[in-house]
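Examination of the molecular architecture
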Amino acid sequence: MARFELLGTATIPGKGTQLRLLQRNDEFSIKIAGSNGELMNSRLHGSEDALATLACERIAEHPAPRVLIGGLGMGFTLAAALESLGGTAEVTVAELVPEVKEWNLGALGSAAGYPLKDPRARVHIGDVVQLIKDSPASYDAILLDIDNGPEGLTRKENDWLYTAAGIEAAQAALRPDGVLAYWSAGQDPTFTERLKRAGLSVEPVTVRAHRPGKGARHVIWLAW
């Protein structure tokens with residue numbers, strides 16, 4: 001069996017943790033240096049797809065819908081959002097690590113079909129938290145696939161997104177009839193209750209990492 005080859009490295013701003021992009025044939029992997037596990041793999045993106053499709057189907061009829069995605073990753077959530085929406089949509093991805101954008105414009109982009117080449121796609125290099133705070137009533141859907149969910153993995157600062165204050169800020173960045181969608185590696189009943197206390201209707205949806213019936217069980221919270 002072929003071995004993974006290192007294609008690139010990048011440092012997470014403010015953390016010093018190094019990301020490593022690897023490729024084996026047509027399979028890509030992103031890992032955190034010094035960690036045994038993977039952060040993401042191009043063969044396991046079913047739940048990333050679902051994050052976009054579940055949210056975007058709720059806003060597909062909105063005129064000129066605007067969507068914000070927190071985290072570019074391997075581009076699968078962006079690709080699924082673009083596939084779910086019409087020609088008048090605009091999808092902005094906030095990505096903290098500049099190299100991740102470059103990886104997606106290069107070899108890694110083949111995994112998701114080069115969604116950054118779609119004219120409806122935008123990339124904001126910077127912190128999604130600040131972008132949310134600076135964008136009142138701007139988006140029909142906000143999709144957050146940051147770290148591992150409510151319990152941050154790469155940057156503890158990301159935990160703020162899942163606090164009461166973070167939820168309130170995300171609500172304020174929505175247009176009328178907008179929807180929030182949060183990805184998580186696992187269940188978190190406390191977070192469900194926190195969303196409800198913010199006055200939101202909440203639907204936690206269990207999805208599979210690979211495809212229906214295959215892979216680990218991940219969770220997507222839809223809140224509106």
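Rules used in this analysis
- Residues numbered from 1 in each chain as written.
- Predicted model: local features only at pLDDT ≥ 70, side-chain atom pairs only at ≥ 80, totals over all residues.
- Heavy atoms only, no water.
- Helix = DSSP H or I, 4+ residues; strand = E, 2+ residues; numbered from the N terminus.
- Rg over C-alpha atoms; globule rule 2.2 N^0.38 Å.
- Buried < 20%, exposed > 50% of the residue type's maximum accessible area, 1.4 Å probe, protein only.
- Contact = heavy atoms within 4.5 Å.
- Pairing = 2+ DSSP bridges.
- Polar contact = N/O pair within 3.5 Å; in protein donor to acceptor, adjacent residues only side chain to side chain.
- Phe/Tyr/Trp six-rings, centres within 6.5 Å; stacked < 30°, edge-to-face > 60°.
- Axes fitted to C-alpha atoms, helices over the stretch in contact; angles between N-to-C directions.

Comments concerning the overall build of the protein chain
- Helix and strand content of the protein chain: six helices and 11 strands.
- At 16 Å, the protein chain has a C-alpha radius of gyration in line with the 17 Å of a compact globule built from 224 residues.
- Overall size of the protein chain, expressed as C-alpha extent along the three principal axes, is 50 × 35 × 35 Å.
- Residues counted as buried form 50% of the 224 residues belonging to the protein chain.
- Sequence-distant contacts, at least 24 apart, represent 62% of the contacts inside the protein chain between residues at least 6 apart.

Examining the pairing of strand E3 (residues 27–32)
- Of all six residues that make up E3, five are buried, and the element is covered over most of its length.
- With six bridges connecting them, strand E2 (residues 18–24) and E3 associate as antiparallel partners. Bridging across to E3, Arg-20 finds its partner in Lys-31.
- Between E2 and E3, which follow one another and run antiparallel, lie two residues, and Asn-25 among them has a positive phi close to 55 degrees.
- Relative to strand E4 (residues 38–41), E3 is paired through three bridges, and the arrangement is antiparallel. When the bridges of E4 are listed, Ile-30 appears paired with Met-40.
- In this structure, the hairpin formed by E3 and E4 is closed by a connection of five residues, where Gly-34 is found at a positive phi of approximately 90 degrees.

A word on the side chain of Thr-77
- By the element assignment, Thr-77 lies in helix H2 (residues 76–84).
- A residue is classified by how much of its surface remains accessible, and Thr-77, at 6% relative accessible area, is buried.
- In this structure the side chain of Thr-77 is engaged in a polar contact, spanning 3.1 Å, whose partner is the backbone oxygen of Glu-48.
- In this view, Thr-77 contacts Glu-48, Leu-51, Ala-52, Ile-69, Leu-143 and Asp-145; residues no more than four positions away in its chain are not counted.

Considerations on the packing of aromatic side chains
- A complete count under the given rule lists four aromatic pairs for this structure.
- With 5.8 Å between their ring centres and 50 degrees between their planes, Tyr-162 and Tyr-182 make a pair best called tilted. Taken together, the residues Tyr-162 in the loop between strand E8 (139–144) and helix H5 (164–172) and Tyr-182 in strand E9 (residues 174–184) connect sequence positions 20 residues apart.
- Residue Tyr-162 is classed as buried on the basis of its relative accessible area of 1%.

Here's the deal with the sheet that holds strand E5 (residues 66–70)
- Judged by pairing direction, the sheet is mixed, and its seven strands sit side by side in the order E7-E6-E5-E8-E9-E11-E10 without closing on themselves. Two strands lie at the open edges of the sheet, namely strand E7 (121–125) and strand E10 (202–208), each paired on one side alone. Averaged over all neighbouring strand pairs, the angle between strand axes comes to 20 degrees, with direction disregarded.
- Across seven bridges, E10 lies against strand E11 (residues 217–223) in antiparallel orientation. Opposite Arg-208, over in E11, you have Arg-217 as the bridge partner.
- Here H5 sits on the sheet in contact with E8 and E9, set at roughly 140 degrees to E9.

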